[in-house]
Amino acid sequence: MHFYLPVSIKRKRFNDFFYNQSIMMQDTGGREVFGSRFGVIAATAGSAIGLGNIWRFPYVAGENGGAAFLLIYIGFVIVIGVPVMLSEFVIGRSAQQNAFGSFRKLAPGKPWYLIGLMGVVAAFMILAFYTAVAGWTLEYLYQSLTNGFAGKDAAQLETMFTEFQGSSFRPILWFFVFMGLTAGIIMMGVKKGIEKSTKIMMPILVLLLLIMAIRSVTLPGAMEGVKFLFKPDFSKITTKIGARGTWTVIFFTEYWDGDTYNLCLLCAQRQ
């Protein structure tokens, strides 16, 4: 059985899956590609895991029955999210072009290419508000490192954020800092830029989430929250608001965060 294989064989299988050159993404058009499957996984996860999961999901779940919302969310993902994601993989691997060109190649002379164009436009629109929110994150990182939150209560913290939003300089400053970092990574290319950065940042994100999860269950009243999460209350999820909340979170996660990116990613590469 697999569990009784020697450690060296298990390690080899792990390395083959994530790093072996034999499973590197290959490209027939001479374009730069990812150097390992782990790089593809990290980059794709980095695209999909964003505001929809970390910010919106918790409070929508809290408003719509806790575990009941979670169960229906998983159902929507299986029934709708997974098929759409697989269709992206098929389109990308078959066409080997960008989001716009893939549809034109697979359905020449038909208006399906407009879907690809919509994806590109959506990605541009997403960037418009992600840069603002990312700027807030950098501001909060700066305040944390400089001990700017020490000794302040909730009302004072809210005032800090309001003043930051109303500033004519700091939001713009952090916007350009974030755009500069992003542009720098993109200019470095796929392997040295996107792949290398996501291999570093995604493990850090996982570590931060684990720290937050451990810390949250040690806070007063944490067990009540755990019970709420795992004890379904279908009386809330049966409303139109609950069903709409479930769908909008899936849409935000599956399509806005990952749709265009996954398609473009797999268009440029083939296993």
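A brief structural summary. (Residues numbered from 1 in each chain as written. Predicted model: local features only at pLDDT ≥ 70, side-chain atom pairs only at ≥ 80, totals over all residues. Heavy atoms only, no water.)

1. Observations regarding the overall build of the protein
So the rule is basically this: What counts as a helix is a DSSP run of H or I of at least four residues, what counts as a strand is a run of E of at least two, and both are numbered from the N terminus. Each residue is placed in one exposure class: buried if its accessible area under a 1.4 Å probe, protein chains only, is under 20% of its type's maximum, exposed if it is over 50%, and partly exposed if it falls in between. The contact criterion used throughout is that any non-hydrogen atoms of two residues lie within 4.5 Å. Per-residue and other accessible areas follow the Shrake-Rupley method at a 1.4 Å probe size, with only the shown protein chains counted as cover for residues.
Across its full length, the protein carries 13 helices and zero strands. When the elements of the protein are put in sequence order from the N terminus, they spell out α-α-α-α-α-α-α-α-α-α-α-α-α. A buried classification covers 30% of the 271 residues belonging to the protein. In the protein, 70% of the contacts between residues at least 6 apart in sequence involve partners at least 24 apart. Summing over all exposed atoms, the protein offers an accessible surface of approximately 17100 Å²; the carbon and sulfur share of this is 72%.

2. Things to note about the packing of aromatic side chains
As a reminder, the rule being used: By convention, a stacked pair of Phe, Tyr or Trp rings (six-membered ring in the case of Trp) has centres within 6.5 Å and planes under 30 degrees apart, an edge-to-face pair has planes over 60 apart, and any other such pair is tilted. Lysine and arginine charges are scored as sitting over a ring when NZ or CZ, respectively, is within 6 Å of the ring centre and within 35 degrees of the ring normal.
With the rule as written, the count across this model stands at six aromatic pairs. Seen from their ring centres, tyrosine 140 and phenylalanine 161 are 6.3 Å apart, and the 70° between their planes marks the pair as edge-to-face. With tyrosine 140 in helix α6 (residues 113-145) and phenylalanine 161 in helix α7 (residues 154-166), this residue pair connects regions lying 21 residues apart in the sequence. Given a relative accessible area of 35%, tyrosine 140 falls into the partly exposed group. Above the ring of tyrosine 113, the side-chain terminus of arginine 104 is found at 5.8 Å from the ring centroid.

3. Some points on the packing of helix α5 (residues 99-106) against α6
Worth spelling out the cut-off: The convention used is that axes are lines fitted to C-alpha atoms, helices contributing only their stretch in contact, and that angles between N-to-C directions extend from 0 to 180 degrees. Working rule for angles: under 35 degrees goes down as roughly parallel, over 145 as roughly antiparallel, 65 to 115 as roughly perpendicular, anything else as oblique. For this classification, the nonpolar set comprises Ala, Val, Leu, Ile, Met, Phe, Trp, Tyr, Cys and Pro, the charged set comprises Asp, Glu, Lys and Arg, and every other residue, Gly included, is treated as polar.
At a closest axis distance of 7 Å, the pairing of α5 and α6 adopts a crossing angle of 175°. In terms of axis orientation, α5 runs roughly antiparallel to α6. On the side of α5, the interface is formed by Ala99, Phe100, Phe103 and Arg104, while α6 contributes Tyr113, Ile115, Gly116, Leu117 and Val120. Across the contact of α5 with α6, the residue classes tally to seven nonpolar, one polar and one charged.

4. A closer look at empty space enclosed by the protein
How we decide: Site definitions follow a grid-based scheme: protein atoms alone, a 1 Å grid, a 1.4 Å probe that fits but cannot get out for cavities, and for pockets an open set with protein on both sides within 12 Å along at least five of seven lines, plus lining residues having an atom within 4 Å of a point. Grid points are joined across faces, edges and corners, and a volume is the space filled by probe spheres set on the points.
Taken as a whole and assessed by the stated rule, the structure comprises one cavity of 30 Å³ or more. Here the largest cavity defines a volume of roughly 70 Å³. Surrounding the largest cavity, Glu139, Tyr140, Gln143, Phe149, Leu157, Met160, Phe161 and Phe164 form its lining. Those elements that place two or more of their residues in the lining of the largest cavity are α6 and α7. At four residues, the largest contribution of residues to the lining of the largest cavity is made by α7. Grouping the amino acids of the lining of the largest cavity by side-chain chemistry returns six nonpolar, one polar and one charged.

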